[in-house]
Amino acid sequence: MSGPVSDETGEVDATADAAPRVVTGRETEVGGMPIARVLPTKGARTVGPWCFVDLMGPEDGLVPDPMEVGPHPHTGLHTVTWLLEGEALHRDSLGTVQPLRPGQLNLMTAGGGISHSELGTSGERFAGVQLWVAQPEATRHDEPAFEHHGELPQVEGDGVRATVLVGELLDGRSPARADTPMVGADVTLEGGLTSLPLDPAFEHAVVPLRGELVVDGTPAPRGAIALLAPGRDELPLDALEDGSRFLLLGGAPFGERVQMWWNFVGRSREELESSWRDWADRHDRFGSIDGPMERIEAPLPPWLRTG
Ligand code: MN
């Protein structure tokens, strides 16, 4: 499940306000699937190392056609794939063939280069989230890798249940790879007021998935992201209905100047351009994938377009 980024993105713009800043995402489409893209967004390129968040599928999970995203490359990031409904099949250039169902996590590390494809295999019900995590300088040129986690920690607090995808929440710690300090969790609330403990060293985001949710006094609808600056040790939440569900994402402010274009994460335009050229030239760094799906060609980078 790729999420091509159409615009070259710039510098990190940290939020400094105490109140959550709620920003509406952008409607788009990937592989025949309606998408709400909530990160990157206006004024926030990253939340900790999280650099990309797509909600895949319509809110009711009913889709006319299965998702189909042919072989495409990545660099310098982890893809974190988490399904809410349905089933998908992941293939990559390491030779991985891995079905994915709700409750399971696929975490693919691109390092210096990988390619993968994704196919919805569940007919008319499909929904999930596609997340990207920027790799730090220390690991971003390393070998690619893939992890599947069939079981993840389930934690409970006061009126709160959560699955810990990455990092730690309450008394749960995920076995998933994290190259920098970060957290990712799928949280479900009983109705009413509660709060979640946060690491004050982290900046955070709340990404609503289902139900009415108020984040520290500010309503946050599905299709939006609520951005929270570092320095908080708890997050007040008000679920206006039982079963309100959201993703909690966070991490230490990334501290490296990330640039993204299409499916590539790098540090400069020159680097993105060389990744683009290598994919067009079928360079070995991206490997190849067995299977019938057609590879996705990269568009021309906008800075190379004339007229
Ligand atoms: Mn992808």
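The structure presented is a predicted model; accordingly, all values stated were derived computationally and were not measured. (Residues numbered from 1 in each chain as written. Predicted model: local features only at pLDDT ≥ 70, side-chain atom pairs only at ≥ 80, totals over all residues. Heavy atoms only, no water.)

Further remarks concern the environment of valine 30. Its location among the elements puts valine 30 in strand S2 (residues 26-30). Expressed as a C-alpha distance, the spacing of valine 30 and phenylalanine 202, which sit 172 residues apart in the sequence, is 30 Å. (Helix = DSSP H or I, 4+ residues; strand = E, 2+ residues; numbered from the N terminus.)

This paragraph deals with the coordination of the manganese ion. Here the manganese ion is held by His72 (NE2), His74 (NE2) and His116 (NE2), and the distances to it run 2.1 to 2.2 Å. Here the donor residues for the manganese ion map to a single chain with the spacing H-x1-H-x41-H. Here histidine 72, found in strand S5 (residues 68-74), pairs with histidine 116, found in strand S10 (residues 114-120); they are 44 residues apart in sequence, far enough to count as distant. Among the residues examined, histidine 72 registers a relative accessible area of 1% and is labelled buried. (Donors = N, O, S within 2.8 Å, 3.2 Å for Na, K, Ca; no water. Buried < 20%, exposed > 50% of the residue type's maximum accessible area, 1.4 Å probe, protein only.)

Within a beta sheet, neighbouring strands are joined by backbone hydrogen bonds and run either parallel or antiparallel to one another. Spatially, S18-S23-S20-S21 is the arrangement adopted by the 4 strands of the open sheet, whose pairing is antiparallel. This sheet does not close on itself; its edge strands, each paired only once, are strand S18 (192-197) and strand S21 (218-219). Across 3 bridges, the pairing between strand S20 (residues 213-215) and strand S23 (residues 234-239) is antiparallel. For leucine 213, the partnering residue across the bridge sits in S23 and is alanine 239. (Pairing = 2+ DSSP bridges.)

Okay, the sheet that holds strand S8 (residues 97-100) next. Taking strand neighbours across the sheet as the criterion, the 4 strands line up as S5-S10-S7-S8 in an open arrangement whose pairing is antiparallel. Unpaired on one side and paired on the other, S5 and S8 mark the two borders of the sheet. Between one strand and the next, the sheet's axes are offset by a mean angle of 20 degrees, whatever the strand orientation. For strand S7 (residues 88-92) and S10, the ladder comprises 5 bridges, and the chain directions are antiparallel. Note on S10: the bridge partner recorded for leucine 89 is leucine 119. (Axes fitted to C-alpha atoms, helices over the stretch in contact; angles between N-to-C directions.)

What follows is about the packing of aromatic side chains. In this structure the tally under the stated criterion is 7 aromatic pairs. Between phenylalanine 52 and tryptophan 132, the ring centres sit 4.0 Å apart and the planes meet at 20 degrees, which makes this aromatic pair stacked. With phenylalanine 52 in strand S4 (residues 50-56) and tryptophan 132 in strand S11 (residues 127-134), the pair connects residues that are 80 residues apart, well separated along the chain. The exposure classification of phenylalanine 52 matches that of tryptophan 132, with both residues buried. Each ring, one from tryptophan 261 and one from tryptophan 262, has its centre 6.3 Å from the other, and the planes form 40 degrees; the classification is tilted. Across this residue pair, the class does not change: tryptophan 261 and tryptophan 262 are buried. Each member of the aromatic cluster is reached from another via a ring pair, and the members are Trp261, Trp262, Phe264, Trp279, Phe286 and Trp303. (Phe/Tyr/Trp six-rings, centres within 6.5 Å; stacked < 30°, edge-to-face > 60°.)

Let us now look at the pattern of salt bridges. Per the counting criterion, the structure on display carries 14 salt bridges. Here arginine 101 ties to glutamate 87 by a salt bridge, and the two come within 3.2 Å at their closest N and O atoms. Taken together, the residues span a long stretch of sequence, with arginine 101 in the loop between S8 and strand S9 (105-109) and glutamate 87 in the loop between strand S6 (77-85) and S7 at a distance of 14 residues. Overall, arginine 101 belongs to the partly exposed group, its relative accessible area being 38%. Arginine 267 is the salt-bridge partner of glutamate 256, the closest N and O atoms lying 2.8 Å from each other. Of this pair, glutamate 256 sits in the loop between strand S24 (244-251) and strand S25 (259-261) while arginine 267 sits in the loop between strand S26 (264-266) and helix H1 (269-280), placing them 11 residues apart in sequence. Linked by salt bridges that have partners in common, Glu137, Arg140 and Glu271 make up one network. (Salt bridge = Lys/Arg side-chain N within 4 Å of Asp/Glu carboxyl O.)

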